[in-house]
Amino acid sequence: MSTPTQQLKTIESGLLQLRSDTLTVAAFSQLARDQSELLAALPPRFAPVLQQLLDRLESSALFSEESCSFSQKDLLGSLQQWLEHAQHQLDKEAPK
């Protein structure tokens, strides 16, 4: 089983692959949703935020062009911010 930090790195890697078009939105979403150890290690508010971002990302994939309400570029930026906040939270809770 992976540690929360390893699972965070897995999502980061998946995001890089998604941005370079080597991973589909559906595959990335499933990858992110599967990181249960990470979500369990974070405060409860992190899981619903990630779920909402992934839901919106999946919806944005239905459009061939950028849509006002579902800008994929903005969603990827928001996912990057989520990852940064998650890393900060893990660092804060890590034993010193």
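Residues numbered from 1 in each chain as written. Predicted model: local features only at pLDDT ≥ 70, side-chain atom pairs only at ≥ 80, totals over all residues. Heavy atoms only, no water.

Caption draft 1: The overall build of the protein chain, seen in detail. For the protein chain, the count of helices and strands is 5 helices and 0 strands. When the elements of the protein chain are put in sequence order from the N terminus, they spell out α-α-α-α-α. Buried positions account for 34% of the 96 residues belonging to the protein chain. Pairs at least 24 apart in sequence give 64% of the contacts found in the protein chain among residues at least 6 apart. With the model as given, the accessible surface of the protein chain reaches about 6000 Å², and the carbon-plus-sulfur share is 54%. (Helix = DSSP H or I, 4+ residues; strand = E, 2+ residues; numbered from the N terminus. Buried < 20%, exposed > 50% of the residue type's maximum accessible area, 1.4 Å probe, protein only. Contact = heavy atoms within 4.5 Å. Areas by Shrake-Rupley, 256 points an atom, 1.4 Å probe, with all protein chains shown as cover.)

Caption draft 2: How the structure looks around helix α5 (residues 72-93). Its 22 residues place the ends of α5 31 Å apart at the C-alpha level, agreeing with the 32 Å of an ideal helix rising 1.5 Å per residue. Taken as a whole, α5 has its buried residues at L75, L76, L79, W82, L83, A86, Q87, Q89 and L90. Considered in projection along α5, the buried side chains sweep an arc of 160 degrees and stay on one side of the axis. In α5, the exposed positions that point more than 90 degrees away from the buried face belong to K73, D74, H85, H88 and K92. Elements that come into contact with the buried residues of α5 comprise α1 (4-19), α2 (25-33), α3 (36-41) and α4 (46-60). (Expected span 1.5 Å × (residues − 1). Arc of directions from axis to C-beta.)

Caption draft 3: Geometry of the confidence of the model for the protein chain. With 90% of its residues at a pLDDT of 70 or more, the protein chain shows a mean pLDDT of 90. Across the protein chain, the element-wise mean pLDDT spans from 93 in α4 up to 97 in α1. (pLDDT = per-residue confidence, 0-100.)

Caption draft 4: Summary view of α2. When we look at burial in α2, the residues that qualify are V25, F28, S29 and A32. Taken down its axis, α2 places every buried residue within 100 degrees of arc, on the same side. Buried positions along α2 lie against α1, α4 and α5.

Caption draft 5: Layout of the pattern of salt bridges. One pass over the structure, following the stated rule, counts 3 salt bridges. For the salt bridge of E12 with K9, the shortest nitrogen-to-oxygen distance reads 3.6 Å. Taken together, the positions of E12 and K9, both in helix α1 and 3 residues apart, correspond to about one turn of that helix. Note on E12: relative accessible area 22%, which makes it partly exposed. Among the ionic contacts, a cluster of salt bridges with common partners joins R33, D55 and E58. (Salt bridge = Lys/Arg side-chain N within 4 Å of Asp/Glu carboxyl O.)

Caption draft 6: Representation of the nonpolar core in the model. If you look at the biggest cluster of nonpolar residues, it comprises 23 residues, and the most contacted ones within it are F28, L57, L79 and W82. Breaking this core down by element, the ones donating at least two residues are α1, α2, α3, α4 and α5. If you tally residues by element for this core, the top one is α5, at 7 residues. Apart from residues no more than four positions distant in its own chain, F28 is found in contact with I11, G14, L15, L18, L23, L54, L57 and L79. (Core = buried A, V, L, I, M, F, W, Y, C linked by side-chain atoms within 4.5 Å.)

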